[in-house]
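# A structural walkthrough
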Amino acid sequence: MLISSIPTSTQHSWKNIENIPIIESNESLLTIPNTENLKQFPIYFDHNVPHAINICVARHSVTQRLQQAANLLPDHLGILVLDAWRSRAVQKAIQEEVGNTIEIKYPHLSVSEQQQLLSDFVAPARADFISPHLTGGSVDITLFERETGEWLDMGADFDEPTERSHTHFYEDQPEHPACQNRRLLYSVMSNVGFTNLPTEWWHFDYGNPLWAYYNQQNHAVYGAAHWDAVTH
């Protein structure tokens, strides 16, 4: 597979995203399977984030396309899913956690500047807003070595609220391992129909309003979804 550079994408506004029409497909949420080259590690549950569930679930087409993307990787690599569908309660908890990190890391920024930075990395948690992860159409992922389980160097930690997390950050350093690893991840995910959130190398979308925006579609096919652990 030819792995090209990662393009620079225009940053969206959440106002634009919430104005995109949704024609719901009613696809079900499914547990993302564990295969040889596709694994899940529910990172928010592992980090004891309030209300986080102990599995990663996503829409049916999303799980299928994830496996297709994993199959495009070299044989020694796989895709590790860190998060997929998440409830509003989890979204709120993550927003508070990342917001606190930003306050500590960037004390020189004004409150409004801190809020703007937070919006680059966490979607609103308002009760009337359908966040990308609430649709079951978003996945947070990385690459891993199949033999050792070791995560590849992506140049910035998952959920790191810095410019290093911007997907194209290392494009001017092509010799850096993170540049090649990000290009590979971006390439296989794009090849099967996902779009990427430009501020987060780990975040990919399919079917939801964020995907519709970056894929230049006039509507989304995934709205808010609900997972009931009791009935599953």
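Quick summary incoming for the structure in this document. (Residues numbered from 1 in each chain as written. Predicted model: local features only at pLDDT ≥ 70, side-chain atom pairs only at ≥ 80, totals over all residues. Heavy atoms only, no water.)

### Remarks on the pairing of strand E5 (residues 138–145)
For the record, the criterion: Exposure categories follow from relative accessible area, calculated using a 1.4 Å probe and restricted to protein chains: below 20% of the type maximum is buried, above 50% is exposed, and the middle band is partly exposed. Helix numbering and strand numbering both begin at the N terminus, where a helix is a DSSP run of H or I of at least 4 residues and a strand a DSSP run of E of at least 2. At least two bridges found by DSSP between two strands is the condition for calling them paired.
By the criterion of burial, E5 is predominantly enclosed, with seven of the eight residues buried. Across six bridges, strand E4 (residues 77–83) lies against E5 in antiparallel orientation. When the bridges of E5 are listed, Gly78 appears paired with Phe144. Pairing of E5 with strand E7 (residues 203–205), which is carried by three bridges, proceeds in the antiparallel orientation. In the sheet register, Ser138 faces E7, and the bridge partner there is Asp205.

### Observations regarding the packing of aromatic side chains
In plain terms, the rule: Each pair of aromatic rings taken from Phe, Tyr and Trp, with Trp reduced to its six-membered ring, is defined by centres within 6.5 Å and is described as stacked if the planes are under 30 degrees apart, edge-to-face if over 60, and tilted in the remaining cases.
Evaluation of the coordinates by the stated rule reveals 10 aromatic pairs. Centre to centre, the rings of Tyr206 and Tyr222 are 6.2 Å apart; their planes meet at 65°, and the pair counts as edge-to-face. Of this pair, Tyr206 sits in the loop between E7 and helix H7 (209–214) while Tyr222 is found in the segment after H7, placing the two residues 16 residues apart along the sequence. The exposure class of Tyr222 is buried, given its relative accessible area of 0%.

### Notes on the environment of Gly78
The condition that has to hold: Here, two residues are considered to be in contact whenever any of their heavy atoms come within 4.5 Å of each other.
Mapped onto the elements of the fold, Gly78 is located in strand E4. Apart from the residues lying within four places of it in its own chain, the contact partners of Gly78 are Asn37, Leu73, Thr142, Leu143, Phe144 and Arg146.

### Examining the pairing of E4
Burial analysis of E4 places seven of its seven residues in the buried class, which makes it a mostly covered element. Note: strand E2 (residues 38–40) against E4, three bridges, orientation parallel. Paired with Lys39 across the strands is Leu80, a residue of E4.

### Some details on the environment of Phe41
Tracing the sequence through the fold places Phe41 in the loop between E2 and helix H2 (43–46). Spatially, the C-alpha atoms of Phe41 and Glu18 are 29 Å apart, while their sequence positions differ by 23 residues. Not counting chain neighbours up to four residues away, the residues in contact with Phe41 comprise Asp46, Cys56, Leu80, Val81, Leu82 and Trp151.

### Things to note about the sheet that holds E7
Here is the rule: Whenever a helix is involved, its axis is fitted only over the stretch in contact; in every case the axis is a line through C-alpha atoms, and angles between N-to-C directions fall within 0 to 180 degrees.
Taking strand neighbours across the sheet as the criterion, the five strands line up as E2-E4-E5-E7-E6 in an open arrangement whose pairing is mixed. The open sheet terminates on both sides in strands that have one partner only, identified here as E2 and strand E6 (195–196). Against the sheet, helix H3 (residues 60–71) makes contact with E2, E4 and E5, and its axis sits at roughly 150° relative to E4, the strand it touches most. Strands E4, E5, E6 and E7 of the sheet are contacted by helix H6 (residues 177–191), whose axis makes an angle of about 130° with E5.

### Some thoughts on helix H5 (residues 111–121)
Each full turn of the α-helix corresponds to 3.6 residues, which orients residues three or four apart in the same direction. Note the cut-off: Arc definition: it is the arc formed by the directions from the helix axis to the C-beta atoms.
Residues Gln114, Leu117, Leu118, Asp120 and Phe121 constitute the buried set of H5. For H5, the angular spread of the buried residues around the axis is 150°, confining them to a single face. Buried-residue contacts for H5 involve helix H4 (88–105).

### A few points about H4
Put simply, the test is: For a helix, the expected span equals 1.5 Å multiplied by the number of residues minus one.
The terminal C-alpha atoms of H4 lie 25 Å apart, and with 18 residues this matches the ideal 26 Å at 1.5 Å per residue to within 8%. Turning to H4, its buried residues number three or more, namely Val90, Gln91, Ala93, Ile94, Val98, Gly99 and Ile102. On the buried face of H4, the contacting elements are H2 and H5.

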